[in-house]
Amino acid sequence: MKECPYGEKCYRKNPIHFGEFSHAHLDVIYEKGNGGGDYDIPDKYSSELIHTQLKLLEKVLPKPAAAKAKESSTAAVPETPKNAPSTSGTSSTSSSSSTSNSHASTSRDSSNLAKKQKLAERNIRDYIPVVVEKGGMAKKLERAAPYNMFLTAITDSKPTHQEPLSVTLQEILDESLGEIESSVQINFMVDIGWLLGHYYFAGILDKPLLVLYGDESPELLGIGKFKPQVTAIGVKMPTPFATSHTKMMLLGYADGSMRVVISTANLYEDDWHNRTQGLWISPLLPAMSEDADTAAGESLTGFRQDLMLYLVEYKISQLQPWIARIRKSDFSAINVFFVGSVPGGHREGSVRGHPWGHARLGSLLAKHAAPIEDRIPVVCQSSSIGSLGANVQAWIQQDFVNSLRKDSSPGGKLRQMPPFKMIYPSFNNVSGSHDGMIGGGCLPYGKNTNDKQPWLKGHLQQWKATDRHRSRAMPHIKSYTRYNLTDQSVYWFVLTSANLSKAAWGSFNKNSNLQPCLRIANYEAGVLFLPRFVTGEDTFPLGNNRDGVPAFPLPYDVPLTPYLPDDKPFLMDYLQG
C-alpha cells in the first residue's frame, strides 16, 4: 500500500482513503492500542482528528483480521469482487527480479484487494462524507432554474448539506436525472478508484466510461486491463508547460437524451471535501429525430456548435461518437454560452470572430452585454495566479481587462479602463480554514511568481463567503464578473476552469505588423451567463429577488473585503516548511 503523500499532515476522514494509503504515524499509535478505542495520542497531534482517523482504521483494518492476514501471508490472491469499486492489481503485473519480491508484492495486493472487498460491502455513508437521499436531484435542478449553478457541499460545513444550491457527485449521477448508459469525464486530475467508487454507489460501474485526463497516474495507465468498460486517454499537450485543465462531464442516458456538466472540481476526494467548487448542470438535452434538420435544436447562444468545435480540437477518435450524439441532440433549452480555450495561436475569423480565450469572451460581451459604466470593476477570482507581468498594464489591462470591459455600447465614446479586483485567499484565510494550512493545498501560487508582481497586492481581496457558509472552505472555483452594488445588479458572470493566467486565457502577440494572434497554452472550459439570454433582462438581481427573478447566486460575499496592510496572499511555499 502506498504511503499517504500528506504523511502526518493528513486530514482525511474517508475510509476509502485509508483503504488505499498507509500512514506510518497512525500505524504506530494503532499497533499500541487495544483496537477498542483506547489510544495514547502524542501531544503534537490534534487529538480529535487522530482519534477519528484511528476509528476509521478500526473499520478498515480490524485487529483480528489484520492478525489473520499476517498469519496467512502465503494465501492465494482473492478474486476482485465483480461490483467492487476496485482498481487494484496494477502492481502485481510488474515483473520481479526474485521470487521473494514477487511473493511479497502478491501478498500486498492480496491484502489491498481484501480490504477493498470489505469496502464494497459496506454502506455508502462510510465512504462518502455528505450523502443526500437518492431520487431528489431532478427536483433540485428544476428549483435551481434559470441559472442551474451549484457549489459543492462542504464536509465540515453542515449548513451546506441542506443548501438548495449545494450538490454532491452522487447527486449528479442520480437516476432521477436519467438512467446513465455511458459517460465521458474530461478532467485534469482523476483518482480513478475514487471515481469508480462513486459510479459503484450510483449503480453504473458496469457502464462505458471514457476518461480524458491531463495529469498522469499509474492507475489510469493500466485501468483498461482491470475494468474493460473504462477507456482512459491522456491528453497530449504541445508543450511541457501546457495543461489539459478542463473539467467537464458528458452524461448519456438510456432514452437517448444527454446532459453536459461544466465544473471547477478535479475528480479526486480532496476537491469534493472542504473546497468551494462550482458546477453548471445543463437541462436535459433530448435526442432529435433522425430526419431532423441539422440546424434544428441549437440554442440561441450557439452552445452546441461551440461545444462540438471545442471537442474536435482534442483530435481523439473516441470522442467522435459523442460529437455525433451532440449534433443530434436538442440543445435549445440551454441559456448560457460556452467559453473555451484550446492550445495554439488563434486569429479572429469572419464568422465566429475570436474563437477562444479572453478574446472570445470579449467578443460575446461586445455583442450582448448591456452598457456598463467604466467605474464598475472587473472582479476576478481563481485558485491560482500566473505570471502577469511587471505591472498591471502589461497583460491585465492591455489584454485581459481590455476584453472583459467590453459591452454593447455604441462606439465612438472615449472609455476608461475599469478597476481590476482579484479575490485570492490571504494567509489568514487559509490558516483559519476547515483544514488549517493544508486547506491551501488547492492554491498553487508560489513565492517566485509573487515576488515578481508586488503591484498585485493592491488589487487583492480576501476570500469571504459567509452567506454561502463557505468562508472556511478554500476556493478552487474560478469566476469572473462585473456587478453594481449601488443598484444591486450583476451584468454578467463566468464560471470556468480557467485560472487568472496567460496560459489559460491567452496572450496577444505584440507585433503590430501581424494580425493579432492570441496564444493559448491550455485546454479550459467555462460558461458565460448573460442576462438577456437567461432572464430576458439587462442585468441579474443581486442579493434579493427582483420581480420574480431569483438573485444570481454569487459564490462569495459582497461588498468585497480588501487585504489589510499586513495581509499577504497564501503561497504554496508555506506548505513546504
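Residues numbered from 1 in each chain as written. Predicted model: local features only at pLDDT ≥ 70, side-chain atom pairs only at ≥ 80, totals over all residues. Heavy atoms only, no water.

As named in an unreviewed UniProt entry, the chain is Blast:Probable tyrosyl-DNA phosphodiesterase, taken from Drosophila guanche. Listed in UniProt under the heading Subcellular location (unreviewed entry), the comment for the chain reads: "Nucleus". What UniProt states about the chain under its Sequence similarities (unreviewed entry) heading is, verbatim, "Belongs to the tyrosyl-DNA phosphodiesterase family." (UniProt positions renumbered as here; feature names shortened; annotations may be inferred.)

Caption draft 1: Geometry of the overall build of the chain. On a plain count of helices and strands, the chain comes out with 19 helices and 21 strands. Per-residue burial for the chain yields a buried fraction of 55% across its 577 residues. Long-range contacts, defined as pairs at least 24 residues apart, comprise 73% of the intrachain contacts of the chain with a sequence gap of at least 6. Roughly 24700 Å² of accessible area belongs to the chain as shown, and the carbon and sulfur atoms make up 52% of that amount. (Helix = DSSP H or I, 4+ residues; strand = E, 2+ residues; numbered from the N terminus. Buried < 20%, exposed > 50% of the residue type's maximum accessible area, 1.4 Å probe, protein only. Contact = heavy atoms within 4.5 Å. Areas by Shrake-Rupley, 256 points an atom, 1.4 Å probe, with all protein chains shown as cover.)

Caption draft 2: Spatial organisation of the packing of helix 14 (residues 357-368) against helix 15 (residues 393-404). Contact pair helix 14 / helix 15: the axes reach a minimum separation of 6 Å and the direction vectors enclose 40°. Classified by the angle between their axes, helix 14 and helix 15 sit oblique to one another. Residue-level inspection shows H358, A359, L361, G362 and L365 of helix 14 in contact with helix 15, the latter providing W395, D399, F400, S403 and L404. Partitioned by chemical class, the residues of the contact of helix 14 with helix 15 number six nonpolar, three polar and one charged. (Axes fitted to C-alpha atoms, helices over the stretch in contact; angles between N-to-C directions. Parallel < 35°, antiparallel > 145°, perpendicular 65-115°, else oblique. Nonpolar A, V, L, I, M, F, W, Y, C, P; charged D, E, K, R; others polar.)

Caption draft 3: Summary view of the pairing of strand 13 (residues 378-381). Alternating positions in strand 13 separate into two faces, V378 and C380 on one and V379 and Q381 on the other, with burial throughout. Where strand 13 and strand 14 (residues 420-423) come together, four bridges link them in parallel fashion. Bridge pairing in strand 14 links Q381 to I423. Traced from strand 13 through helix 15 to strand 14, the parallel crossover comes out right-handed. Bridge count for strand 13 against strand 16 (residues 479-484) is three bridges, and the pairing is antiparallel. Across the sheet, the residue bridging to C380 is Y480, located in strand 16. (Pairing = 2+ DSSP bridges. Right-handed = clockwise from strand over helix to strand, strands pointing away.)

Caption draft 4: Representation of helix 14 within the structure. Over its twelve residues, helix 14 extends 17 Å from the first C-alpha to the last, a length consistent with the 16 Å expected when each residue adds 1.5 Å. Judged by how many residues are buried, helix 14 sits mostly within the fold: nine of twelve residues are covered. Along helix 14, the residues that are buried comprise G357, H358, A359, R360, L361, G362, S363, L364 and L365. (Expected span 1.5 Å × (residues − 1).)

Caption draft 5: Inspection of the nonpolar core at higher detail. With 100 residues, the main nonpolar core has M248, V260, L311, W492 and F529 as its most contacted residues. Residue assignment places this core across two domains, with domain 2 (125-322) and domain 3 (338-575) each supplying three or more. I180, L195, A202 and V261 belong to the second-largest nonpolar core, a separate cluster that totals 34 residues. (Core = buried A, V, L, I, M, F, W, Y, C linked by side-chain atoms within 4.5 Å. Domains from an automatic or database assignment.)

Caption draft 6: Region of interest: the UniProt feature "binding site: substrate" (unreviewed entry) in the chain. When the UniProt feature table is mapped to this numbering, "binding site: substrate" (unreviewed entry) covers K247 and K478. Maximum C-alpha separation among the annotated residues is 11.7 Å over a sequence range of 232 residues, consistent with a single clustered spot. Of note, K247 is situated in the loop between strand 7 (230-234) and strand 8 (248-253). Not counting chain neighbours up to four residues away, the residues in contact with K247 comprise I186, N187, F188, V261, I262, S263, T264, A265, N266, H476 and S497. In terms of polar contacts, K247 uses its side chain to reach the backbone carbonyl oxygen of H245, at 2.8 Å. Note on K478: relative accessible area 0%, which makes it buried. For K478, the residues in contact, after removing those within four places along its chain, are H245, T264, Q381, S382, S383, V494, L495, T496, S497, A498 and N499. (Polar contact = N/O pair within 3.5 Å; in protein donor to acceptor, adjacent residues only side chain to side chain.)

Caption draft 7: Molecular detail of the sheet that holds strand 4 (residues 166-167). The eight strands are arranged 4-3-10-9-8-5-6-7 in an open sheet whose pairing can be described as mixed. The open sheet is flanked by strand 4 and strand 7, the only strands paired with a single partner. In the packing of helix 12 (residues 303-312) onto the sheet, the strands contacted are strand 5 (180-187), strand 8, strand 9 (258-263) and strand 10 (278-281), and the crossing angle to strand 8 comes to about 110°. Here helix 13 (residues 320-327) sits on the sheet in contact with strand 5, strand 8 and strand 9, set at roughly 70° to strand 8.

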